[in-house]
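Coordinate analysis (summary)
The lines below spell out each chain.
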Amino acid sequence: MVELDATDAHLWLPAALDVYVTAMNYPRGTAQQRYPLWREHLHRPGWRGVATLSPAPDGPVDDQRLVRRDDNPIAPAPEVLTGIAYGYPGGASQWWNQQLRQGLARVGYTREQISTIADDYFELTELHVHPQAQGQGIGQWLLTRLLDGVPAPKVLLSTPEVPGEENRAWRLYRRLGFVDVLRQFSFAGDPRPFAILGRGLPL
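Residues numbered from 1 in each chain as written. Predicted model: local features only at pLDDT ≥ 70, side-chain atom pairs only at ≥ 80, totals over all residues. Heavy atoms only, no water.

Considering the overall build of the chain
Along its length, the chain carries six helices and eight strands. Its helices and strands in sequence order give the chain the pattern β-α-α-β-β-β-α-α-β-α-β-α-β-β, from N to C terminus. In terms of overall dimensions, the chain is globule-like: its C-alpha atoms have a radius of gyration of 17 Å, near the 17 Å expected for 203 residues. Dimensions of the chain along its principal axes, counting C-alpha atoms only, are 55 × 35 × 30 Å. Of all 203 residues assigned to the chain, the portion counted as buried reaches 43%. In the chain, the share of contacts with a sequence separation of at least 24, taken over all contacts with a separation of at least 6, comes to 68%. Carbon and sulfur atoms provide 52% of the accessible area of the chain, an area that totals close to 10,500 Å². (Helix = DSSP H or I, 4+ residues; strand = E, 2+ residues; numbered from the N terminus. Rg over C-alpha atoms; globule rule 2.2 N^0.38 Å. Buried < 20%, exposed > 50% of the residue type's maximum accessible area, 1.4 Å probe, protein only. Contact = heavy atoms within 4.5 Å. Areas by Shrake-Rupley, 256 points an atom, 1.4 Å probe, with all protein chains shown as cover.)

A word on the pairing of strand 5 (residues 122–129)
Burial analysis of strand 5 places eight of its eight residues in the buried class, the great majority of the element. With two bridges joining them, strand 5 and strand 6 (residues 154–160) adopt parallel strand pairing. Looking at the pairing, E123 lines up with L156 of strand 6. Following the chain from strand 5 across helix 5 (residues 138–147) to the adjacent parallel strand 6, one finds a crossover that is right-handed. (Pairing = 2+ DSSP bridges. Right-handed = clockwise from strand over helix to strand, strands pointing away.)

Here we look at the side chain of K154
Summarising the element assignment, K154 is placed in strand 6. Nearest to the buried, unbridged K154 among oppositely charged side chains is D120, at 6.1 Å. Apart from residues no more than four positions distant in its own chain, K154 is found in contact with T116, I117, D120, Y121, F122, R199, G200 and L201. (Lys, Arg positive; Asp, Glu negative; His and termini not counted. Salt bridge = Lys/Arg side-chain N within 4 Å of Asp/Glu carboxyl O.)

As for the pattern of salt bridges
Under the defined criterion, the tally for this structure stands at 12 salt bridges. In this structure, the salt-bridge partner of E40 is R44, at a minimum N-O distance of 3.0 Å. Residue E40 is classed as partly exposed on the basis of its relative accessible area, which comes to 35%. Accessibility expressed as a relative area gives 19% for R44, which makes it buried. Among the charged side chains, a salt-bridge network with shared partners connects E161, E165, R174, D180 and R183.

Some details on unusual backbone geometry
In this structure, the amide linkage connecting L201 to the following residue, P202, adopts the cis form with an omega of 0°. Along the polypeptide, P202 turns up in the segment after strand 8 (194–200). One non-glycine residue, N25, lies in positive phi territory at about 60°. In this fold, N25 is placed in the loop between helix 1 (9–24) and helix 2 (30–41). In this structure, Q184 takes a positive phi of about 55° despite not being glycine. For Q184, the location among the structural elements is in strand 7 (residues 179–185).

Written out as structure tokens, the structure is:
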């Protein structure tokens, strides 16, 4: 496991986006679309990220998963990125925070209750493990390492709704004590229902 440096994003970001697209089963072109957003996130105050690397297997490997050497960015490193997690403190000027506030208001939360939830938290923005590396505890390692030492009093995240909460992401969040903040919520521009979950810090 390694801590990520925003200034070295050109070395690890393509591989991280490949893990994201593969884990979420998105079309390959999604990585290009998300690249500018992930780059913008790197510059937010308090951004932090962690990743897991594994030795590159023998035989052909999708070049997008290879992590590049800092001293020779053209030559592939002998590692592949298997997991990625990052986040940053939430703020009222951020789109996700604004969506959260609107969703809470629609289901009847008072202004004071919304402030209690949305004024001071760390947003777990992305957490993804490549399918070939799932089932080994990598998601929990990433999550606990990322949140270690975060000064915010709580962490919030959004995850797609799935029937019966039956997938690895949901099982991880429930195992670590995340509770419902908002369910069956649709972000603007995305028809899928999401759940917003949270829990106090430290873990």
